[in-house]
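Residue-level structure breakdown
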Amino acid sequence: MNAVLKIEHLNKFFGSRQILKDISLEMFSGEVYGFLGPNGAGKTTTIKIAVGMLSLDEGNINIGGFDMHKNFEAAMANIGGIVENPEFYKYLSGLDNLRQYARMRTGVTEARIREVVHLVGLDKRINDKVGKYSLGMRQRLGVAQAILHHPKVLILDEPTNGLDPAGIKELRDILKNLAHEEDVGVLVSSHLMSEMELMCDRVGVIVNGVLIDEKPIAELISAAAPDKFDYVYWVSEPEAMIEKLDFITKENIVNNGNGTVDIILSKDDGLATLSKINKLIIDNGIELYTVTPKQNKKLEDVFIELTNTAGGGQIA
Amino acid sequence: MYLSSLPIRLEVVRLLKMLKLVQNEYIKLLKKKSSWVILILVAVIAIGFCALFTWSMSNTYYDDVSRASLQDEANYYLNEEYYKQYLEKNADGTYVYTDENAKSTRQQMVFYQFIYDNKLEYTDWRYSADIVTNLCYAKYLSVDGETAEERAEALSEYNTLKAVFDADDWKAYYNEHMAQIRDTYKDDEISLEANLWFYDYSIKNNIKPGEITWKDTVLQTASVAKISLIPYLNKEAAGEVVDSNSMEELLNTAAIAVYRLDHNIEIDVSSEMDGNSYGFDTMWGVFNQSKSLVTVIGVLIIVVAGSIVAGEFAQGTIKFLLINPVKRWKILVSKYITAVSYGLALMLMLYAICGIFSMIFTGFNGVGAKMIIAENGIARAASPLFAVMKQYLLGGINIIVMATMAFALSSIARSSALAIGISMLSLLSGSIIITVLGALGFDWARYLIFANLNLANVYNGTGGMFPNQSFPLAVFIVVMHIIIFFMIAWDGFTRKEV
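**Some remarks on the overall build of chain A**
Along the backbone of chain A there are eleven helices and 14 strands. Here the C-alpha atoms of chain A give a radius of gyration of 25 Å, more than 25% beyond the 20 Å that 2.2 N^0.38 yields for 316 residues. Summarising its shape, the C-alpha atoms of chain A cover approximately 80 × 50 × 40 Å along the three principal directions. Residues counted as buried form 40% of the 316 residues belonging to chain A. Across chain A, contacts joining residues at least 24 apart in sequence account for 72% of those joining residues at least 6 apart.

**A closer look at the overall build of chain B**
Regarding its fold elements, chain B presents 24 helices and four strands. Here the C-alpha atoms of chain B give a radius of gyration of 33 Å, more than 25% beyond the 23 Å that 2.2 N^0.38 yields for 498 residues. Its C-alpha atoms give chain B principal-axis dimensions of about 110 × 55 × 55 Å. Residues counted as buried form 33% of the 498 residues belonging to chain B.

**What about the interface of chain A and chain B?**
Between chain A and chain B, the contact holds 24 residues from the first and 20 residues from the second. When contributions to the side of chain A that touches chain B are tallied by element, the ones reaching two or more residues are α2 (72-76) and α3 (94-104) of chain A. Among the elements that make up the side of chain A that touches chain B, the one with the highest residue count is α3(A) (four residues). Its residues assigned to classes, the side of chain A that touches chain B shows 13 nonpolar, six polar and five charged.

**Brief notes about the packing of helix α20 (residues 384-413) of chain B against helix α21 (residues 416-439) of chain B**
All names here are of chain B. In contact at an axis separation of 8 Å, α20 and α21 are set at 155° when each is read in the N-to-C sense. One way to sum up the angle between α20 and α21 is to call them roughly antiparallel. Where α20 crosses over α21, the two elements pack in a sense that is right-handed. Between α20 and α21, the residues in contact are Met402, Met405, Ala406, Leu409, Ser410 and Ala413 and Ser416, Leu418, Ala419, Ile420, Ile422, Ser423, Ser426 and Leu427, respectively.

**Considering the domain arrangement of chain B**
Residue and element names in this part refer to chain B. One can read the domain layout of chain B as domain 1 (2-61 + 284-494), domain 2 (68-121 + 124-168) and domain 3 (177-277). One C-alpha centre belongs to domain 1, the other to domain 3; they are set 42 Å apart. Mapped onto the side of domain 1 that touches domain 3, the elements with two or more residues apiece are α15 (283-289), β3 (371-375), β4 (378-382) and α20. Residue contributions to the side of domain 1 that touches domain 3 peak at four residues, all from β3. Residue classes in the side of domain 1 that touches domain 3 are distributed as ten nonpolar, five polar and one charged.

**Points about the nonpolar core**
Counting residues in each nonpolar core, the largest one holds 168 residues, and the members touching the most others are Ala144(A), Val186(A), Ala339(B), Ala403(B) and Ala406(B). Here Ala339(B) is in contact with Ile301(B), Val304(B), Ala305(B), Ile308(B), Ala403(B) and Phe407(B), once residues within four sequence places are set aside.

**Examining the sheet that holds strand β4 (residues 58-63) of chain A**
All names here are of chain A. Here we have four strands laid out as an open sheet, ordered β2-β1-β4-β5, and antiparallel in their pairing. The open sheet has two edge strands, β2 (17-28) and β5 (66-67), and neither has a second partner. Of the strand pairs in this sheet, strand β1 (residues 3-14) and β2 are connected by eight bridges, and their pairing is antiparallel. Each residue of the ladder has a partner; that of Lys12, found in β2, is Leu20. Packing against the sheet, helix α1 (residues 43-50) makes contact with β1, β2 and β4, and its axis sits at approximately 115° to β1.

**Overview of unusual backbone geometry**
Residue and element names in this part refer to chain B. The backbone of Phe364 shows a phi angle near 60°, a positive value even though the residue is not glycine. For Phe364, the location among the structural elements is in the loop between α19 (328-361) and β3. Take Phe364: there are 11 C-beta atoms within 10 Å of it, and that puts it in the exposed class. Positive phi, close to 50°, is recorded for Asn376, a residue that is not glycine. With respect to the secondary-structure elements, Asn376 resides in the loop between β3 and β4.

**Description of the sheet that holds strand β14 (residues 288-294) of chain A**
Residue and element names in this part refer to chain A. Read from one edge of the open sheet, four strands run β12-β13-β11-β14, paired in antiparallel fashion. In this open sheet, the two edge strands, each paired with only one partner strand, are β12 (253-255) and β14. Within this sheet the neighbouring strands show an average axis-to-axis angle of 20°, counted without direction. Across three bridges, the pairing between β12 and strand β13 (residues 260-266) is antiparallel. Bridged to Ile253 within β13 is Ile263. This element, helix α10 (residues 270-283), spans β11 (228-235), β13 and β14 of the sheet and lies at about 160° to β14.

**Points about the domain arrangement of chain A**
Segmentation of chain A into domains returns domain 1 (3-78 + 151-223) and domain 2 (226-294). The centre of domain 1 of chain A, based on its C-alpha atoms, is set 45 Å off from the matching centre of domain 2 of chain A.

**Looking at the environment of Glu84(A)**
Among the secondary structure elements, Glu84(A) is positioned in the loop between β6 (79-82) and α3. Overall, the presence of 15 C-beta atoms within 10 Å leaves Glu84(A) in the partly exposed class. Sequence separation between Glu84(A) and Leu156(A) is 72 residues; the distance between their C-alpha atoms is 8.5 Å. Ignoring any residue separated from it by four or fewer positions in sequence, one finds Glu84(A) in contact with Thr44(A), Asp157(A) and Lys319(B).

**Quick notes on α3(A)**
The buried fraction of α3(A) amounts to eight of the eleven residues, a majority that puts the element mostly inside the structure. If you check which residues of α3(A) are buried, you get Gly94(A), Leu95(A), Asn97(A), Leu98(A), Gln100(A), Tyr101(A), Ala102(A) and Met104(A).

**Examining helix α6 (residues 165-182) of chain A**
Residue and element names in this part refer to chain A. Given a rise of 1.5 Å per residue, 18 residues ought to cover 26 Å, and the 25 Å separating the end C-alpha atoms of α6 matches this to within 8%. Of all the positions in α6, only Ile168, Leu171, Leu175, Leu178 and Ala179 are classed as buried. One face of α6 carries all of its buried residues, which in axial projection span an arc of 95°. Facing away from the buried surface of α6 by more than 90 degrees, the exposed residues are Pro165, Ala166, Asp173, Asn177 and Glu181.

**Quick word on the confidence of the model for chain B**
Residues and elements named next belong to chain B. Confidence along chain B averages 86 in pLDDT terms, with 90% of residues attaining 70 or more. Of all helices and strands in chain B, the one with the weakest mean pLDDT is strand β2 (residues 95-96) (64), whereas α19 scores best (94). Predicted complex, confidence summary: ipTM 0.81, pTM 0.80.

**Observations concerning the packing of helix α16 (residues 294-308) of chain B against α20(B)**
Helix-helix packing: each pair is described by the crossing angle between the helix axes and the interaxial distance. Residues and elements named next belong to chain B. Running from N to C, α16 and α20 point in directions that differ by 20°, and their axes come no closer than 8 Å. What the angle tells us is that α16 and α20 run roughly parallel. Judged by the twist between their axes, the crossing of α16 over α20 is right-handed. The segment α16 lies against α20, with Val294, Ile297, Gly298, Ile301, Ile302, Ala305, Gly306 and Ser307 engaging Tyr392, Gly395, Gly396, Asn398, Ile399, Met402, Ala403, Ala406, Phe407, Leu409 and Ser410. Of the residues contributing to the contact of α16 with α20, the split by class is twelve nonpolar, seven polar and no charged.

**Thoughts on the environment of Ala154(B)**
Residue and element names in this part refer to chain B. Within the secondary structure, Ala154 is located in helix α8 (residues 148-167). When the 19 C-beta atoms within 10 Å are taken as the criterion, Ala154 is described as partly exposed. Between the alpha carbons of Ala154 and Phe493 there is a distance of 92 Å; along the sequence they are 339 residues apart. When neighbours within four sequence positions are excluded, Ala154 is seen to be in contact with Ala138, Leu141, Ser142 and Gly145.

**What about the confidence of the model for chain A?**
Residues and elements named next belong to chain A. For chain A, the mean per-residue pLDDT works out to 87, and 94% of the residues sit at or above 70. Within chain A, α3 carries the highest mean pLDDT (96), whereas helix α11 (residues 299-309) carries the lowest (70). Within the model, the stretch residues 312-316 combines pLDDT values under 50 with 13 contacts to residues more than four positions away or in other chains.

Quick notes on the rules
- Counting restarts for each chain: residues are numbered from 1 in the order of the written sequence.
- The lettering of chains begins at A and the numbering of ligands begins at 1, in the order of writing.
- Where totals are concerned, whole chains, interfaces and linings use all residues; where local detail is concerned, this predicted model gives features only for residues with pLDDT of at least 70, and gives and counts side-chain atom pairs only at 80 or more.
- Strands are runs of DSSP state E lasting at least two residues, helices are runs of H or I lasting at least four, and both sets are numbered from the N terminus onward.
- For a compact globule the rule gives 2.2 Å times the number of residues to the power 0.38, and the radius of gyration it is set against comes from C-alpha atoms.
- To assign burial, the other C-beta atoms lying within 10 Å of each residue's own C-beta are counted, with C-beta atoms placed from the backbone; 20 or more indicates buried, 12 or fewer indicates exposed, and intermediate counts indicate partly exposed.
- It is the C-beta atoms, placed from the backbone, that decide contacts: two residues are in contact if theirs lie within 7 Å.
- Residues are grouped as follows: nonpolar covers Ala, Val, Leu, Ile, Met, Phe, Trp, Tyr, Cys and Pro; charged covers Asp, Glu, Lys and Arg; every other residue, Gly included, is treated as polar.
- A fitted line through C-alpha atoms represents every axis, and for helices the fit uses only the stretch in contact; the resulting angles, taken between N-to-C directions, go from 0 to 180 degrees.
- Should an angle fall under 35 degrees it is called roughly parallel, over 145 degrees roughly antiparallel, and 65 to 115 degrees roughly perpendicular, with every other angle called oblique.
- Definitions for this section: a left-handed crossing has its near helix turned counterclockwise from the far helix by less than a right angle. A right-handed crossing has that turn clockwise.
- An automatic or database domain assignment supplies the start and end points of every domain.
- Definition of nonpolar core: a set of buried Ala, Val, Leu, Ile, Met, Phe, Trp, Tyr and Cys residues joined via C-beta atoms within 7 Å.
- Any two strands with at least two DSSP-identified bridges between them are counted as paired.
- Here the expected length of a helix is defined as 1.5 Å per residue gap, with one fewer gap than residues.
- Starting at the helix axis, one direction is taken to each C-beta atom, and the arc is that of these directions.
- pLDDT is a residue-level measure of predictor confidence that goes from 0 to 100.

This is the structure in structure tokens:
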């Protein structure tokens with residue numbers, strides 16, 4: 001695998017305040033890289049530097065094999081993206097907006113524009129003025145603009161903003177397809193973990209300008225897998241049930257008082273213990289309505305945990 | 001072969017890329033509805049100006065048609081009632097002179113009686129060549145002279161002149177004049193030549209006086225200029241210092257008049273074009289005055305230049321502009337090219353509209369006319385079309401400076417309102433500042449940009465607090481400001497953190 005986006009030892013100051021501290025990351029072609037972090041952590045700043053909107057104070061950025069500083073235009077020819085809100089010329093049609101960008105890039109034909117418009121599902125509205133577009137449609141137009149010139153690197157800053165659930169799923173499919181089928185390296189920033197979980201192959205977590213963790217999503221999820229499982233039992237006689245459960249320590253049994261009982265099992269207990277409990281309830285003539293596992297720890301929690309340990313959390 | 005053409009091909013590719021950026025800017029500019037409203041407004045203002053100016057200024061100059069004939073004039077003055085207030089009539093029909101006024105009134109009567117008897121008109125060469133005046137004076141003296149000798153002498157003079165009058169031979173008359181002049185100035189080469197010229201030229205070119213009015217006028221102008229030059233030429237011959245400015249002016253006046261006669265050019269529109277005349281006969285006076293509308297274009301260009309960069313920030317589109325594989329300075333330069341070329345295009349449009357409509361409103365008067373200009377005493381015919389264009393362009397420099405200023409401000413401050421406001425204020429108040437500074441006697445103010453912005457005035461040497469500004473210096477100051485403003489824009493835009 002070759003790195004299509006390489007950020008090395010990036011430092012950035014706003015006045016005397018250091019916004020980014022020695023950020024290094026590599027993104028490879030064919031992967032969706034999630035850039036996670038709370039608001040104000042430095043996600044957008046990093047992205048803006050990577051697309052040449054902000055200058056960097058120290059470090060190197062290499063895009064598709066070209067150094068950003070030494071060969072700006074060649075480096076930028078390999079990148080496409082949306083930074084912050086998708087704003088276009090409102091008095092131009094969607095198509096005319098795309099033609100603007102086509103003229104500034106090389107090798108974008110009229111056929112390619114049509115292809116991209118079709119890909120983002122804007123065929124019917126592309127001749128309307130952008131002023132009449134919804135936020136979701138502008139977001140789609142933003143994606144169309146970003147992939148117009150077959151970039152090797154696609155950078156999207158919070159791309160699901162303003163999209164409805166169907167739109168989010170569509171975008172997810174488009175991005176995954178670009179990465180996995182067309183070998184594009186896609187970098188997506190977000191503070192919504194659930195989204196990242198569904199979209200990304202690998203994530204980097206940035207807090208307070210420091211990249212604190214970088215690993216494949218599977219690893220992150222397994223790290224999120226808890227060592228204890230919580231099952232909620234809804235039964236006819238909770239007290240009787242608790243009385244009979246003598247093989248489970250009392251600390252791991254919680255009577256919720258509304259007809260449900262929480263039973264906390266350790267990782268090692270396994271399915272055998274569950275079936276043992278169920279059998280005991282039935283055998284004692286207690287009616288068992290439902291048993292549901294309570295997912296008490298998800299990527300969300302891992303993320304909050306990570307950011308908290310790094311002293312981050314929400315920055316005003 | 002392939003290798004040698006490679007660098008050229010690269011340059012062509014670069015140029016095409018740049019043109020595409022400019023194309024983008026033009027599309028953004030022209031797809032806005034407001035741009036078209038402005039264009040239509042400019043056209044309406046231009047047409048309205050031409051119409052109003054034609055209507056308010058035409059026919060105020062002089063009116064040839066309504067002039068009464070010489071016969072009518074004579075009739076009027078020969079009226080008995082008119083003379084009663086000056087003369088008393090004796091019983092035998094002779095007049096009593098009460099005072100000096102009565103004498104001149106009597107002379108007038110003789111003069112008009114002669115005109116009446118001979119059915120003379122203004123166009124008669126004998127009238128315009130002053131034979132009639134001299135002849136009538138002799139006739140008056142021959143009757144009313146105080147002494148017998150005086151009366152006899154006057155009578156003989158009258159007979160001589162009457163012979164010339166009756167012969168109706170203007171060339172003979174002129175030749176006689178020339179003989180007299182040769183006699184008078186036989187020791188003064190310079191005066192001789194100047195005084196002879198009128199008669200000499202008329203005879204050689206067969207210009208009969210009174211036949212073609214404009215030729216008479218121009219001949220007169222040339223002759224007066226040549227005679228006025230005599231003291232200058234004398235001084236110069238004696239090695240003394242002369243006022244070269246007024247001398248050149250006279251030389252030029254003479255040269256222009258001679259050029260018109262030589263080339264048979266009836267209409268010279270240069271007097272309509274100098275901006276100081278109050279009226280006009282042809283389309284060129286209107287067309288030339290339309291140069292003042294260039295300021296309107298200036299206001300529009302300041303708006304365009306002041307919002308072409310700041311507008312991207314205001315619309316939020318700057319990020320999508322800068323994410324493209326194009327260096328920032330290229331985007332900036334393409335925007336600048338767009339603003340300036342759009343201004344020039346608007347100016348060209350104004351020029352065309354005003355040209356066409358001044359032609360229509362003045363009834364196609366003087367369409368093919370030339371303007372005769374002279375430098376260092378050498379005259380040549382110039383196209384007034386180019387002369388008007390030159391005035392437009394000289395006025396346009398002012399606008400480019402202010403547009404560049406608006407451009408610079410808008411790219412460092414991101415605020416089009418600020419950029420447009422300050423530039424507009426400068427455009428409109430610059431001359432006031434200079435007037436105040438000039439009035440306070442600060443000579444250094446002549447080096448300020450505002451004192452040099454009106455290049456048309458500097459070039460024509462007219463107006464302003466500092467009338468003797470040097471044109472090259474003014475151009476230098478203006479160009480320096482354009483460069484400095486552009487560098488500010490460049491620095492602000494290429495380093496800006498978006």
